[in-house]
Amino acid sequence: MYELLFWRYQDGIYLNHHLVYEAIAEQEIVEGLEDLPINVIMNRINSVFSNWEKVDENSWKNTNGKGAFHIITTPQSIKIDCYGTEGKTMNLLADTMEEFKCPLYDPQVPERYDDMNE
């Protein structure tokens, strides 16, 4: 499994990314994060991956290739667990979340890919 995490800081707020990740993993609310339009984001992911089989409300499986992913949400975050998913699929997920100004945090590296790192 490979984890992808997404959240958005409130204006002027910049926290320790790994501590934010740990709080999100515990499903905690983090002061300084924006609430996300979860339903809108889920609908967008649904349409981007409309050619994938939807296993349940939060899980998709590639019907003509390899990989699957499962989404866990809090009001402030989207966590995507990828199973055997190709890099280009993970990039597409990250690009989709970027539409909502939610840069990728990759806990395996660990690094957050936002403007502050460039």
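Residues numbered from 1 in each chain as written. Predicted model: local features only at pLDDT ≥ 70, side-chain atom pairs only at ≥ 80, totals over all residues. Heavy atoms only, no water.

**Some details on the sheet that holds strand 4 (residues 68-74)**
One open sheet holds the seven strands; their spatial order is 2-3-4-5-1-6-7, and the pairing between them is antiparallel. Edge positions in the sheet fall to strand 2 (53-56) and strand 7 (111-112), since each of these pairs with one other strand and no more. Seen against the sheet, helix 1 (residues 17-25) touches strand 1 (2-7), strand 4, strand 5 (77-83), strand 6 (104-106) and strand 7 and runs at an angle of roughly 105 degrees to strand 1. Taken strand by strand, helix 3 (residues 87-98) contacts strand 1, strand 4, strand 5 and strand 6, and its axis lies near 10 degrees from that of strand 1. (Pairing = 2+ DSSP bridges. Helix = DSSP H or I, 4+ residues; strand = E, 2+ residues; numbered from the N terminus. Contact = heavy atoms within 4.5 Å. Axes fitted to C-alpha atoms, helices over the stretch in contact; angles between N-to-C directions.)

**Some points on helix 2 (residues 38-48)**
Of all the residues in helix 2, the buried ones are I38, I41, M42 and I45. Seen from one end, helix 2 has its buried residues packed into an arc of 100 degrees, which puts them on one side. Exposed residues pointing more than 90 degrees away from the buried face of helix 2 are listed as N39 and N43. Lining the buried residues of helix 2 we find strand 3 (59-61), strand 4, strand 5 and helix 3. (Buried < 20%, exposed > 50% of the residue type's maximum accessible area, 1.4 Å probe, protein only. Arc of directions from axis to C-beta.)

**Digging into helix 1**
Of all the positions in helix 1, only H17, V20, Y21, A23 and I24 are classed as buried. End-on view of helix 1: buried residues confined to an arc of 165 degrees, all on one side of the axis. Buried residues along helix 1 sit against strand 1, strand 4, strand 5, strand 6 and strand 7. Looking at where helix 1 begins, the residue whose side-chain oxygen comes 2.9 Å from the main-chain nitrogen of H18 is N16. Just past helix 1, the residue Q27 takes up positive phi, approximately 65 degrees. (Polar contact = N/O pair within 3.5 Å; in protein donor to acceptor, adjacent residues only side chain to side chain.)

**A closer look at the side chain of Q76**
Following the sequence through the fold, Q76 ends up in the loop between strand 4 and strand 5. Residue classification places Q76 among the buried positions, given a relative accessible area of 4%.

**Some points on the packing of helix 2 against helix 3**
Close contact between helix 2 and helix 3 brings their axes to 10 Å; oriented N to C, the two are set at 140 degrees. The orientation of helix 2 relative to helix 3 falls into the category oblique. Where helix 2 crosses over helix 3, the handedness of that crossing is right-handed. Contact residues: helix 2 offers I41, R44, I45 and V48, while helix 3 offers L92, L93, T96 and M97. The residue inventory of the contact of helix 2 with helix 3, partitioned by class, reads six nonpolar, one polar and one charged. (Parallel < 35°, antiparallel > 145°, perpendicular 65-115°, else oblique. Left-handed = near helix turned anticlockwise from the far one by under 90°. Nonpolar A, V, L, I, M, F, W, Y, C, P; charged D, E, K, R; others polar.)

This is a description of form; function is not addressed.
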